[in-house]
Amino acid sequence: MCRRAHVLGLDQVVKLSSTMHAMKVVVCVKQIPDPADPGALDPETRTLKRDVKLILDESDSYGVEMALQLVEAAGEGEVTLVSMAPNNERSGLATALAMGAASATLVSDPALVGTDALTTAKILAATIKDQGADLVIAGSESSDGYTGTVPEQIAAVLDLPSVTAAKSVEVDGSNILVKRQTDAGYDSIICPMPAVISVTAGVVEPRYPSFKGIMAAKSKPVEEKLAADLGFEEDQVGWSGSGQEIVEVAEAPTREAGDIIEDDGEAHVKIVEFLESLKVI
Amino acid sequence: MSTPLGPKAENARDFLATDSLLSEEEIMLRDTVRRYVDKEILPEVGAWFDEGVFPHKEVAKTIGDMGLLGMHLEGYGCAGSSAMMYGLACAELEAGDSGLRSFVSVQGSLAMFPIWAYGSEEHKQEWLPPMAAGDAIGCFGLTEPDSGSDPSSMRTNAKQQPNGDWLLNGTKMWITNGSIADVAVVWARADEGIRGFVVPTNIEGFSAPKIERKVSLRASVTSELILDNVRLPADAVLPGVASMRGPLSCLNEARFGILFGVVGAARACYEAALNYANERIQFGGPISRFQLTQQRLVDFMTAVQQGTLLSYHLGRLKDQGELGPAQVSFGKRQNTRMAIEVAREARSVLGANGITTEYPVIRHMNNLESVYTYEGTNEIHTLIMGQAITGHSAFA
Ligand SMILES: Cc1cc2nc3c(=O)[nH]c(=O)nc-3n(C[C@H](O)[C@H](O)[C@H](O)COP(=O)(O)OP(=O)(O)OC[C@H]3O[C@@H](n4cnc5c(N)ncnc54)[C@H](O)[C@@H]3O)c2cc1C
Ligand SMILES: Cc1cc2nc3c(=O)[nH]c(=O)nc-3n(C[C@H](O)[C@H](O)[C@H](O)COP(=O)(O)OP(=O)(O)OC[C@H]3O[C@@H](n4cnc5c(N)ncnc54)[C@H](O)[C@@H]3O)c2cc1C
């Protein structure tokens with residue numbers, strides 16, 4: 001997965017002197033229907049209707065925050081955004097711009113309706129390609145689509161190393177040092193830049209846009225692009241370009257009542273047996 | 001956004017589409033403060049209220065970073081927003097808790113405003129940037145044990161010494177943020193009239209014991225200020241004003257924030273009642289299907305929407321420089337009465353659950369009793385408006 005990244009042994013994790021240079025970070029931000037008021041599935045396409053006002057996916061607010069912190073630590077540089085969204089929607093971008101990103105590219109095109117995750121990644125990659133980024137940051141998974149595949153696909157399309165589930169990132173010269181969340185703890189990874197990293201939710205505290213940030217957001221540039229501007233033919237994107245098809249949407253099964261173990265003095269044995277059967281202990 | 005209102009969410013939240021009266025930036029600021037309150041205040045504030053605490057350090061830092069402290073003031077690290085934006089922020093903060101909004105009102109309108117409007121350049125340089133950032137907390141001492149609605153009867157006095165120093169003596173009462181303040185703006189009687197003093201709270205002779213046993217505004221610090229021969233340098237006095245106009249102009253700023261804020265509290269009560277009524281099943285169905293419940297819910301919604309329109313109108317007038325003090329009284333009096341009525345009636349929609357702090361309504365209801373009394377009681381605003389329309393003063 002990360003061809004040019006490698007896991008450091010513990011003894012190799014030394015605090016290297018950070019040489020500062022201007023950081024250019026591109027953050028992928030998805031704009032999604034408000035999860036508190038998500039609207040409905042379209043029964044025909046089996047995808048979420050996106051005709052409501054979209055907001056910045058909270059999963060991506062962590063990426064924006066991490067990018068801003070990296071640029072602040074470098075002392076120089078900028079954070080730019082890329083987003084693919086229907087109807088030229090930019091409310092979510094506005095939030096990220098108000099947090100402090102400098103500019104954005106918005107890909108919006110009726111031809112893109114029905115685009116699957118891989119094609120989304122290709123489109124985002126085409127948008128990112130010529131930006132001269134040191135780092136591309138995305139969320140580990142979006143809150144609505146939730147495939148958790150787009151960041152790695154972007155890395156593959158751009159032929160860049162990919163580090164997933166980053167809980168912290170530090171720049172060291174031309175490398176980044178990443179702590180990668182694992183079940184047991186974390187891996188320490190060193191990886192050359194440019195690279196694509198995906199950020200786990202909750203690892204940084206996303207700032208609230210300030211009044212000044214909000215007022216400044218409106219005058220920040222948002223460049224709009226169509227699929228054709230990025231070199232895609234109509235049949236390469238949208239429904240026709242999708243290699244995947246959603247064949248069925250089903251209600252999640254309702255939770256069944258659990259087993260109640262009455263303590264007759266042997267309850268602990270039964271609990272241990274149960275946990276062993278689940279292979280959690 | 002926060003509270004799912006069911007299938008008719010749009011109608012329930014903003015029946016008259018009052019959002020259409022706001023700019024994109026105003027909506028974004030409003031939504032940002034709402035998100036902050038939903039995420040960081042609402043999950044905690046019931047417990048703060050129960051325990052009678054307010055974690056001012058964390059709160060001040062975050063809202064300072066957001067630019068909400070002294071936000072409608074220009075320069076010295078203040079955000080310089082419109083009055084409308086300040087009002088919108090107050091409404092969202094008070095949808096969380098009146099104590100939170102009080103903290104912001106006192107900091108921005110009562111402590112920072114007089115320094116900004118009447119202070120010397122040194123006062124402004126020293127205090128405004130850290131207060132805007134939330135690193136320094138301010139309070140405002142006008143009311144005394146024997147001087148409330150009639151502040152010009154105050155006894156706290158300031159005597160200038162031959163070397164120019166000031167000697168302050170007296171007691172202030174019911175002072176929000178008193179015990180947590182780094183600086184107090186204290187109003188006192190001097191030979192030449194009522195003067196304001198910038199008092200660092202670590203100075204000798206100053207103490208601020210907390211007032212306990214409140215059943216209202218519990219997530220807010222209220223204190224007594226004791227000034228026992230507090231000696232201040234000559235330049236501690238606010239040079240720009242020497243009359244009751246000083247404190248009254250501050251109150252006018254804060255009352256403006258309140259007339260927005262209480263609409264937020266009323267909205268929170270209405271939405272809590274609506275959600276509850278949609279979920280609570282009695283006689284085989286949700287209580288929101290009863291005509292009597294619907295009448296109450298529609299009354300709440302109507303009152304909140306009217307209060308919103310009133311606040312927006314007064315906000316626009318203020319930004320045009322055309323808002324008079326008696327119009328501020330109209331807003332403070334009307335919207336606070338509205339909010340307290342909505343809160344009381346909404347409380348009863350929640351039945352027995354309504355009397356616990358598991359739900360926000362009784363907390364708002366109790367808080368609003370303070371809001372009804374401070375910043376000019378309901379009666380005092382009635383008299384201000386009465387005088388404005390008849391020409392007769394009925395104060396004394
Ligand atoms: C057959 C099919 C049809 C679809 N039709 C539609 C449709 O009509 N409308 C629609 O909106 N979606 C549609 N989708 C979903 C959508 O195009 C992609 O699946 C989605 O954008 C990426 O998948 P995800 O949300 O699971 O991303 P994940 O891989 O879970 O996302 C991880 C991260 O990648 C980045 N990212 C993902 N998507 C975007 C984006 N769009 N812009 C910027 N950054 C992004 C974010 O940083 C995000 O946190 C469809 C999917 C399929 C399979
Ligand atoms: C929680 C809280 C926080 C506060 N924070 C501050 C603060 O930070 N700084 C500060 O200086 N003060 C503060 N106050 C004080 C507040 O402003 C006063 O309580 C208020 O002005 C009323 O004064 P009083 O309580 O002395 O009531 P009184 O003036 O004694 O009034 C008692 C009753 O008599 C009525 N009344 C009085 N005069 C008339 C009249 N002429 N005609 C008809 N009715 C009349 C009043 O309306 C009221 O109903 C705070 C109060 C509370 C409760």
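Position numbers for residues start from 1 in each chain and track the written sequence from start to end. Lettering for chains starts from A, numbering for ligands starts from 1, and both go in the order in which the items are written. In keeping with the predicted nature of the model, local features appear solely for residues at pLDDT of at least 70, side-chain atom pairs appear and are counted solely at 80 or more, and the whole-chain, interface and lining totals rest on all residues.

**Some remarks on the overall build of chain B**
Per the secondary structure count, chain B includes 11 helices and 9 strands. Computation of the radius of gyration draws on C-alpha atoms alone. For the globule rule, the value is 2.2 Å times the number of residues to the power 0.38. For a compact globule of 396 residues, the expected C-alpha radius of gyration is about 21 Å, and chain B comes in at 21 Å, within 12% of that figure. Projected onto its principal axes, the C-alpha coordinates of chain B cover approximately 80 × 45 × 40 Å. Labels follow a simple rule on C-beta atoms placed from the backbone: if 20 or more others lie within 10 Å of a residue's own, it is buried; if 12 or fewer, it is exposed; otherwise it is partly exposed. For chain B, buried positions account for 50% of its 396 residues. Helix numbering and strand numbering both begin at the N terminus, where a helix is a DSSP run of H or I of at least 4 residues and a strand a DSSP run of E of at least 2.

**Some remarks on the overall build of chain A**
Each helix and strand counted, chain A has 7 helices and 12 strands in total. In terms of its C-alpha atoms, chain A occupies a principal-axis envelope of roughly 70 × 55 × 40 Å. For chain A, buried positions account for 42% of its 281 residues. Here, residue contact means that the backbone-derived C-beta atoms of the two residues sit within 7 Å. Put simply, of all contacts in chain A between residues at least 6 apart along the chain, 74% involve residues at least 24 apart.

**Points about the site of ligand 1**
Working rule for contacts: place C-beta from the backbone, and if it is within 6 Å of a molecule or strand, that residue counts as near it. Of all residues adjacent to ligand 1, which total 35 residues, the nearest are A138, G139, G145, T147 and V150 of chain A. Within the residue set of the shell around ligand 1, elements represented by two or more residues are α1 (58-74), β5 (77-84), α3 (117-128), β7 (135-139) and α4 (150-158) of chain A.

**Details of unusual backbone geometry**
P194 of chain A follows M193 of chain A through a cis peptide bond whose omega is 0°. Tracing the sequence through the fold places P194 of chain A in the loop between β10 (186-192) and β11 (195-199). Even without a glycine there, the phi angle at N87 of chain A is positive, about 55°. Relative to the elements of secondary structure, N87 of chain A occurs in the loop between β5 and α2 (91-99). You can call N87 of chain A exposed: it has 12 C-beta atoms within 10 Å. The backbone phi angle of L217 of chain B is positive, close to 50°, even though this residue is not glycine. By the C-beta count within 10 Å, which is 24 here, L217 of chain B ends up buried.

**Quick notes on the interface of chain B and chain A**
Each side of the interface is counted separately: chain B has 16 residues, and chain A has 14 residues. Just so you know the grouping, Ala, Val, Leu, Ile, Met, Phe, Trp, Tyr, Cys and Pro go in nonpolar, Asp, Glu, Lys and Arg go in charged, and all remaining residues, Gly too, go in polar. Split into classes, the residues belonging to the side of chain B that touches chain A amount to 10 nonpolar, 4 polar and 2 charged.

**So, the site of ligand 2**
Residue and element names in this part refer to chain B. Inspection of the region around ligand 2 gives 20 residues, with L142, G148, S149, T377 and E379 positioned closest. Listed by contribution, the elements that provide at least two residues to the shell around ligand 2 are β1 (138-141), β3 (166-176), α10 (361-373) and α11 (378-390). For the shell around ligand 2, the per-class residue count stands at 10 nonpolar, 9 polar and 1 charged. The domain limits used here are those given by an automatic or database domain assignment. The residue makeup of the shell around ligand 2 includes at least three contributed by each of domain 2 (138-241) and domain 3 (246-390).

**Examining the pairing of strand β2 (residues 157-160) of chain B**
All names here are of chain B. Where β2 lies against β3, 4 bridges are found, and the strand directions are antiparallel. Bridging from a neighbouring strand, Q160 pairs with W166 of β3. Taken together, β2 and the strand that follows it, β3, pair antiparallel across an intervening segment of 5 residues, in which G164 is found at a positive phi of about 100°. The pairing criterion for strands is at least two bridges between them, as found by DSSP.

**Considering the packing of helix α9 (residues 325-349) of chain B against α10 of chain B**
Each packed pair of helices is defined by two parameters, the angle between the axes and the distance between the axes. Residues and elements named next belong to chain B. The N-to-C vectors of α9 and α10 enclose an angle of 155°; their axes lie 9 Å apart at closest approach. Our classification of the angle between α9 and α10 gives roughly antiparallel. In this structure, the crossing between α9 and α10 has a hand that is left-handed. Here T336, A339, I340, A343, R344, A346 and R347 of α9 come into contact with α10, specifically with V361, I362, H364, M365, L368, V371 and Y372. Fitting a line to C-alpha atoms yields each axis, with helices limited to the stretch in contact; the angle taken between N-to-C directions then spans 0 to 180 degrees. Any angle that is under 35 degrees is reported as roughly parallel, and any over 145 degrees as roughly antiparallel; angles of 65 to 115 degrees are reported as roughly perpendicular and all others as oblique. A clockwise turn of the near helix away from the far one marks a right-handed crossing, whereas an anticlockwise turn of less than a right angle marks a left-handed crossing.

**Things to note about the domain arrangement of chain B**
All names here are of chain B. Taken as a whole, chain B is organised into domain 1 (9-133), domain 2 (138-241) and domain 3 (246-390). Relative to domain 3, the C-alpha centre of domain 2 lies at a distance of 31 Å. The interface of domain 2 with domain 3 comprises 12 residues on the first partner and 9 residues on the second. Here the side of domain 2 that touches domain 3 is composed, by residue class, of 9 nonpolar, 3 polar and no charged.

**Thoughts on the nonpolar core**
Residue and element names in this part refer to chain B. By our criterion, buried Ala, Val, Leu, Ile, Met, Phe, Trp, Tyr and Cys residues that link up through C-beta atoms within 7 Å make up a nonpolar core. With 194 residues, the main nonpolar core has A266 and A273 as its most contacted residues. At 19 residues, helix α7 (residues 245-279) tops the list of elements feeding residues into this core. Those residues within four positions of A266 in sequence are excluded, and the remaining contacts are A303, V304, G307, M338, A339, V342 and A343.

**Topic: the confidence of the model for chain A**
Predicted coordinates in areas of low pLDDT are best not read in detail. Every residue is assigned a pLDDT by the predictor, reflecting its confidence on a scale from 0 to 100. With 93% of its residues at a pLDDT of at least 70, chain A reaches an overall mean of 89. Contacts of residues 10-19 of chain A to residues separated by more than four positions or lying in other chains number 6 contacts, the stretch itself having pLDDT below 50.

**Focus on α3 of chain A**
Each helix should span, by expectation, one fewer than its residue count multiplied by 1.5 Å. Between its first and last C-alpha atoms α3 of chain A spans 16 Å; for 12 residues at 1.5 Å apiece the expected length is 16 Å, and the two agree. Burial within α3 of chain A is extensive, with 10 of its 12 residues counted as buried.

**Considerations on the pairing of β7 of chain A**
Consecutive side chains along a regular strand alternate between the two faces of the sheet. All names here are of chain A. Burial of β7 is extensive: 5 of the 5 residues sit out of reach of the surface. Taking every second residue as pointing to the same face, both faces of β7 are buried, with L135, I137 and G139 on one and V136 and A138 on the other. Pairing geometry for strand β2 (residues 23-28) and β7, over 3 bridges, is parallel. The residue of β7 that forms the bridge with V27 is I137. One ladder, built from 5 bridges, connects β7 with β11; its direction is parallel. Paired with I137 across the two strands is I197, which belongs to β11.

**Looking at the confidence of the model for chain B**
Across chain B, the average pLDDT comes to 96, with 97% of residues at or above 70. Across residues 1-7 of chain B, confidence stays below pLDDT 50; counting only partners more than four residues off in sequence or on other chains, it has 18 contacts.

**Considering the packing of α3 of chain A against α4 of chain A**
Residues and elements named next belong to chain A. The interhelical angle for the contact between α3 and α4, taken along N-to-C directions, is 55°, at an axis separation of 8 Å. Judged by the angle between their axes, α3 and α4 are oblique. Viewed along their axes, α3 and α4 form a crossing whose handedness is right-handed. Residue-level inspection shows A117, L118, T120, A121, K122, L124, A125 and I128 of α3 in contact with α4, the latter providing V150, Q153, I154, V157 and L158. Class assignment of the residues belonging to the contact of α3 with α4 gives a composition of 10 nonpolar, 2 polar and 1 charged.

**Notes on the environment of C191 of chain A**
Note on placement: C191 of chain A falls in strand β10. Separated by 67 residues in the primary sequence, C191 of chain A and G258 of chain A have C-alpha atoms spaced 45 Å apart.

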